[in-house]
2 protein chains.
Amino acid sequence: MTERAADRAADLAADRVVPEAARRRRRPTKQGTVLSQQVIVDTALRLVGQHGAQAFSVRRLGAALGADPSAIYRYFHSTDDLLLAVADELIGLGLHGWQPTGDWRADLREVGLRIHAHSLAHPQAAVLAVYRTTGRANEIRAIETMLGILRDAGFPDPDAVSLYHAFIDQALGFAVLDSAALALPAPAQHADLAVWDTAYRTLSPDTHPHIAATTHLLAADMRRSAYPLALDLLLTAVAARLPAPE
Amino acid sequence: MTERAADRAADLAADRVVPEAARRRRRPTKQGTVLSQQVIVDTALRLVGQHGAQAFSVRRLGAALGADPSAIYRYFHSTDDLLLAVADELIGLGLHGWQPTGDWRADLREVGLRIHAHSLAHPQAAVLAVYRTTGRANEIRAIETMLGILRDAGFPDPDAVSLYHAFIDQALGFAVLDSAALALPAPAQHADLAVWDTAYRTLSPDTHPHIAATTHLLAADMRRSAYPLALDLLLTAVAARLPAPE
DNA sequence: AGCTTATGACAACAGCATTGACGTGTGAAG
DNA sequence: CTTCACACGTCAATGCTGTTGTCATAAGCT
């Protein structure tokens, strides 16, 4: 988990790892699995989805694959390198099959909600990897698409870039936050929610008038993600910045 | 790291841990330190700040304290329980010494920037704990303050609550995202940034016209946090929702 | 002064990521 | 069709990790 970066920078360095494209021999494991980057990433996503982020370890991944854990290091430099591949896979899943409609605001809204929803569908993986810059294929495609939406809408380049940045980081920020809550072990998750019904419910109106006046609203609202509202607020303000056409 | 929640729910259960208020005996460790929840939290923050999030482990914390690692379990049920205390400490640091001015928009802006800045000042700790609901003293104070700002500004209760939710989660989301980037080991952090100058710089205008047209802007913009812009966009949209007074 | 017990220390356990050495079966070369 | 190199799966070992059960000792009450 420590030198992933150097590894990525020097992908061709003398290493255990052979680039996926250059692989010729594929020897099945004792248990018969034929390994590949794709198989490992898929298995990692499945493992984490079924048994939670705490269940993610190289050893367990090896077991799930039907291979010795150390075999994974023939395909990824480190667990962190593997995580980057998982992150990129998530981005790809989020954009799969989607096409822009030409309505920039609706398109951005849809993309934002898709990214958010797909992270929540794999919260454990999202929490581990969403904040990374992967530089891999799916990430590049996503950026090209979103930048295109803003530029085609008529935003000048500097605005398009900074608004894209605000938009995507808002989406990823909420994705991480909401995923993290979902990724907690079940009892912890329940306890975090229960706080709104216990600790906050018992505060005196004298010392905490604003909380006391809104406990019911708070307890209800905190169960939902605030992202849809935050996204709409952002898009509203962005629309106000759109230069008049021509 | 597994049953923290149950522990919190049953704070009084038959446990190793004595509530801080009920402590009578304070026996110094072999190396002379006198332990307390506060000392442990402070040391954890310092440790993580100096040596990075990867340096955080119960054993290292024990060493930094001058105590056996297992002594920590006399003060916290688990590492996760300790993390909640650290999170609350961060919130407290962020609000320390601040007073609302009465201008709701300026106040929210200030609080948002403070939360974000304080997380970045302890990125390693922020990443571990910012998304938790602690239910502890500082968190309660922060919520009361922010709800008050919105309600006093004239937002009806349901709006005040949902707008508070969107505001705080956006602040925390960006805090986690930007902290995570800062918390990466130095070489990894550098590599993630370098991607903008390498991978994205070499894309052809034919296949990726939008990225190609803005690479310089992208590389520059991605070095900064998008939070100030996102915050201003959010506040602009919120202001538009403020009911006319009286 | 004496007693209880809170609390720090110690040792042990199971699980973790990672690495180096090893041998086997694959796929290419002739 | 045989040979051969070496890619890649396996094994074993290292030094981490969080957590717990047991013990002894000193703090503070009576």
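What counts and how
Residues numbered from 1 in each chain as written. Chains lettered and ligands numbered in written order. Predicted model: local features only at pLDDT ≥ 70, side-chain atom pairs only at ≥ 80, totals over all residues. Heavy atoms only, no water. Least-squares fit on C-alpha atoms with pLDDT ≥ 70 in both. Contact = heavy atoms within 4.5 Å. Buried area = accessible area lost by both parts, 1.4 Å probe. Salt bridge = Lys/Arg side-chain N within 4 Å of Asp/Glu carboxyl O. Polar contact = N/O pair within 3.5 Å; in protein donor to acceptor, adjacent residues only side chain to side chain. Helix = DSSP H or I, 4+ residues; strand = E, 2+ residues; numbered from the N terminus. Nonpolar A, V, L, I, M, F, W, Y, C, P; charged D, E, K, R; others polar. Domains from an automatic or database assignment. Expected span 1.5 Å × (residues − 1). Buried < 20%, exposed > 50% of the residue type's maximum accessible area, 1.4 Å probe, protein only. 1 Å grid on protein atoms, 1.4 Å probe; cavity = no way out; pocket = protein on both sides within 12 Å on 5 of 7 lines; lining within 4 Å. Points joined across faces, edges and corners; volume = space filled by probe spheres on them.

Asks: Teacher, can you tell me more about the relation of the copies chain B and chain A here?
Replies: Two chain copies, one operation linking them: a rotation about an axis together with a shift along it. Between chain B and chain A, the superposition needs a rotation of 180° and an axial shift of 0.0 Å, giving an RMSD of 0.1 Å. Taken together, the rotation angle and the small translation identify this as a two-fold axis. Closest to the rotation axis within chain B is the C-alpha of glycine 173 of chain B, separated from it by 2.0 Å. When the interface residues of chain B are mapped onto chain A, 98% of them again fall at the interface, so both copies present the same face.

Asks: Quick question: what am I supposed to make of the interface of chain B and chain A here?
Replies: Often, the extent of an interface is quoted as the loss of accessible area on bringing the components together. Opposite the 65 residues of chain B that make contact, chain A presents 66 residues. Interface of chain B and chain A: buried area, both sides summed, is about 5,900 Å²; carbon and sulfur atoms make up 72% of it. If you sort the residues of chain B by the area they bury against chain A, Glu144, His210 and Leu233 of chain B come out on top, with a joint share of 12%. At the junction of chain B and chain A, the tally comes to 2 salt bridges. Counting the contacts that link chain B with chain A gives 15 residue pairs in polar contact (both at pLDDT 80 or more). If one sorts the elements of the side of chain B that touches chain A by residue count, helix 8 (residues 157-183) of chain B sits on top with 17 residues. Residues belonging to the side of chain B that touches chain A are distributed by class as follows: 38 nonpolar, 13 polar and 14 charged.

Asks: What's the story with the environment of methionine 222 of chain A in this structure? I'm lost.
Replies: Mapping methionine 222 of chain A onto the fold places it in the loop between helix 10 (209-221) and helix 11 (227-239). The spatial distance from the C-alpha of methionine 222 of chain A to the C-alpha of aspartate 157 of chain A is 37 Å, given a sequence separation of 65 residues. Once residues lying within four places of it in the same chain are set aside, the contact partners of methionine 222 of chain A are Leu193 and Trp196 of chain A together with Tyr164 and His165 of chain B.

Asks: Before we go on, may I ask you to explain the domain arrangement of chain A in this structure?
Replies: Residues and elements named next belong to chain A. Its domain assignment divides chain A into domain 1 (4-86) and domain 2 (101-239). Of note, the centres of domain 1 and domain 2, computed from C-alpha atoms alone, are 30 Å apart. At the junction of the two partners, domain 1 supplies 15 residues and domain 2 supplies 10 residues. Roughly 1,100 Å² of surface becomes buried between domain 1 and domain 2 when both sides are summed, with 60% attributable to carbon and sulfur atoms. In terms of surface lost to domain 2, no three residues of domain 1 exceed Ala53, Leu83 and Leu84, which account for 38% of the buried area on that side.

Asks: Please clarify how helix 11 (residues 227-239) of chain B should be interpreted in this entry.
Replies: It helps to recall that an α-helix has 3.6 residues per turn; residues three or four apart then point in one direction. Helix length check: helix 11 of chain B, at 13 residues, gives a terminal C-alpha distance of 18 Å against a target of 18 Å (1.5 Å per residue), a fit within 8%. Burial in helix 11 of chain B covers these residues: Tyr227, Ala230, Leu231, Leu233, Leu234, Leu235, Ala237 and Val238 of chain B. On its buried face, helix 11 of chain B is in contact with helix 8 (157-183) and helix 11 of chain A together with helix 5 (104-121) and helix 8 of chain B.

Asks: Would you mind showing me how to read empty space enclosed by the protein here?
Replies: The rolling of a water-molecule-sized probe over the atoms marks out the regions of remaining empty space. Under the criterion given, the structure shown has 4 cavities of 30 Å³ or more. Of the pockets and cavities examined, the largest cavity occupies roughly 60 Å³. Surrounding the largest cavity, Ala44, Leu45, Val48, Phe56, Leu83, Val86, Ala125, Leu128 and Ala129 of chain B form its lining. Within the residue set of the lining of the largest cavity, elements represented by two or more residues are helix 2 (37-51), helix 4 (79-95) and helix 6 (123-129) of chain B. In the lining of the largest cavity, the residues fall into 9 nonpolar, no polar and no charged. The residues that make up the lining of the largest cavity include at least three from each of domain 1 (4-86) and domain 2 (98-239) of chain B. The calculated volume of the second largest cavity comes to roughly 40 Å³. Along the walls of the second largest cavity sit Ala44, Leu45, Val48, Phe56, Leu83, Val86, Ala125 and Leu128 of chain A, which together make up its complete lining. Of all the secondary-structure elements, those providing two or more residues to the lining of the second largest cavity are helix 2 (37-51), helix 4 (79-95) and helix 6 (123-129) of chain A.

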